[in-house]
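Take a look at the letters that make up each chain.
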Amino acid sequence: MNNRGWKRFLAVLIAAVMVGNQFLVYAHAEKNPGDTEAAADYTGELNGLLSGLSEINDELSAYSDEDETVRFDTGFSFSEEDAGTEETSDTDQYGEDAYDMEENSPGPDGQEDVSDHPEDENDESDDPLGAERYGDYEYEILNGTYAGITAYKGTDTVISIPERMGSYEVSRIGKNAFKGKTAITQITIPSGVQTIQDYAFQNCSALETVSLGTGLETVGTGIFYGCTSLNHVTIPGSLTTIGNYMFYGCTSLSSIDLKNVTGIGNYAFYNCSGLTSFDLKKTVTIGAYAFSGCTGLTRMDFPDSVATITYRAFYNCTNLQSIGYPMGWTTAERSTIDNGTWKYGCIFEGCTALKSITVPEGITSIPEYAFFGCNKLEEL
């Protein structure tokens, strides 16, 4: 019998049991007025039977509607001929789908029983189901060839991530894998790692030094978010985009080499108050609030490759005094606010110490509102 046939059969069976139980309760009440104990026993037995039938119904989910015959551990089976082929709607005949009646019933404490419900998709369990183990690392196998680190369980302060987990080359560091590991001070990442996912090292507050492998190509959001002790990072030539929030709040970071970077994401260095210098050679795009709050900056020399600087990229860089204007800068991107209206670029808004801007020959226009609120600006 296929799933549909079984469910029709179970619906009729459950309805028959319910009617029979009500008849027994009514008959007993007629003979023994006031005796509610037996009625409760009948109801308890009914619930037990219905629970068993519900379990059988659950087994049906393991089979497709096209299965000709479904067999259970009880040893019996039904073929399509046993139940007939008449089409009847359980919902039309009995109101609610009878075979689903207990699926969402409350648990013993009166709350919905969710023990059999799927886990929330955002669950970030420290011990993911089916995780492989290699020393202090948990990992998952990717495409049967590579390993992706999902969690670190150790307590070491200096870490050199292995190139392999058993026979699998490590190619990815997963989301939140080292998040909140406050004992770590130094990390070396092997060249085989191509991807670091979101918040992989978030809030590793003692982390000071990071060496990113030469094969790294892609980074997620906020991988070093809140690493307040971080003061040295080696950016490989293979990484051309600094991700959104990548170094957000890394207040100890004083310098960084970005000479091979073409794109800097939104909030990438937000509130990196210790940052005093960085080398831009090929950068084309600088995201919104990318260097906002970098109060250690006193001068900015942009490469001519820079074409787009987004909303408030250098907002509140209160010690920035001079700027070398890029030849290619033509766009000060706008940004939306909550009510849906457009805000102008305001790239250097709040740069209250800015006094001079060096504009090269050939520049015929400056993006609107680029220096909005720079009240001390004296020289162009």
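So, here is what we can say about the structure in this document. (Residues numbered from 1 in each chain as written. Predicted model: local features only at pLDDT ≥ 70, side-chain atom pairs only at ≥ 80, totals over all residues. Heavy atoms only, no water.)

## Remarks on the pattern of salt bridges
Then, in step 1: In total, this model carries 6 salt bridges according to the counting rule given.
Then, in step 2: Salt-bridge contacts for Lys259 lead to Asp257; the nearest nitrogen and oxygen are separated by 2.4 Å.
Then, in step 3: Residue class for Lys259 comes out partly exposed when judged on its relative accessible area of 35%.
Then, in step 4: Here Arg299 ties to Asp301 by a salt bridge, and the two come within 2.8 Å at their closest N and O atoms.
Then, in step 5: By relative accessible area, which is 46% here, Asp301 ends up partly exposed. (Salt bridge = Lys/Arg side-chain N within 4 Å of Asp/Glu carboxyl O. Buried < 20%, exposed > 50% of the residue type's maximum accessible area, 1.4 Å probe, protein only.)

## Regarding the packing of aromatic side chains
Within a pair of aromatic rings, the relevant descriptors are the distance that separates the centres and the angle that separates the planes.
Then, in step 1: Considering all chains together, one arrives at 28 aromatic pairs under this definition.
Then, in step 2: Between the aromatic rings of Phe178 and Phe201, the centroid separation amounts to 5.0 Å while the plane-to-plane angle is 20°, which identifies the pairing as stacked. Of this pair, Phe178 sits in the loop between β8 (168-173) and β9 (186-188) while Phe201 sits in the loop between β10 (195-196) and β11 (209-211); the two residues are 23 residues apart in sequence, bridging distant segments of the chain.
Then, in step 3: For Phe178, a relative accessible area of 0% corresponds to the buried category.
Then, in step 4: Residue Phe201 is classed as buried on the basis of its relative accessible area of 0%.
Then, in step 5: Ring geometry for Phe269 and Phe291: centres 5.1 Å apart, planes at 5°, overall stacked. (Phe/Tyr/Trp six-rings, centres within 6.5 Å; stacked < 30°, edge-to-face > 60°. Helix = DSSP H or I, 4+ residues; strand = E, 2+ residues; numbered from the N terminus.)

## Points about the pairing of strand β5 (residues 146-152)
Then, in step 1: Burial analysis of β5 places 5 of its 7 residues in the buried class, the great majority of the element.
Then, in step 2: Linking strand β4 (residues 137-142) back to β5 in an antiparallel pair, the connection comprises 3 residues, with Asn143 at a positive phi of about 55°.
Then, in step 3: The pairing of β5 with β8 spans 4 bridges and is classified as parallel. Bridged to Tyr146 within β8 is Glu169. (Pairing = 2+ DSSP bridges.)

## Examining the sheet that holds strand β19 (residues 299-301)
Then, in step 1: Spatial ordering of the open sheet is given by β19-β21-β25, a layout of 3 strands whose pairing is parallel. Each edge of the open sheet carries a strand with a single partner, namely β19 and β25 (356-358). On average, adjacent strands in this sheet sit at an angle of 10° to one another, irrespective of strand direction.
Then, in step 2: As paired strands, β19 and strand β21 (residues 322-324) are joined by 3 bridges and run parallel to one another. Residue Asp301 lies in a different strand from β21, and its bridge partner there is Gly324. (Axes fitted to C-alpha atoms, helices over the stretch in contact; angles between N-to-C directions.)

## Quick look at the environment of Cys204
Then, in step 1: Mapped onto the fold, Cys204 is located in the loop between β10 and β11.
Then, in step 2: It is 7.5 Å that separates the C-alpha atoms of Cys204 and Ala183, two residues lying 21 residues apart in sequence.
Then, in step 3: Beyond its immediate stretch of four places on either side in the chain, Cys204 contacts Phe178, Gly180, Lys181 and Cys227. (Contact = heavy atoms within 4.5 Å.)

## Points about the sheet that holds strand β18 (residues 285-286)
Then, in step 1: Here 5 strands make up an open sheet; going across it, the order is β14-β16-β18-β20-β22 and the pairing parallel. Only two strands of the sheet have a single partner each, and these edge strands are β14 (241-242) and β22 (331-332).
Then, in step 2: As paired elements, β18 and strand β20 (residues 308-309) share 2 bridges and run parallel to each other. Considered in β20, the bridge of Thr285 is made with Thr308.

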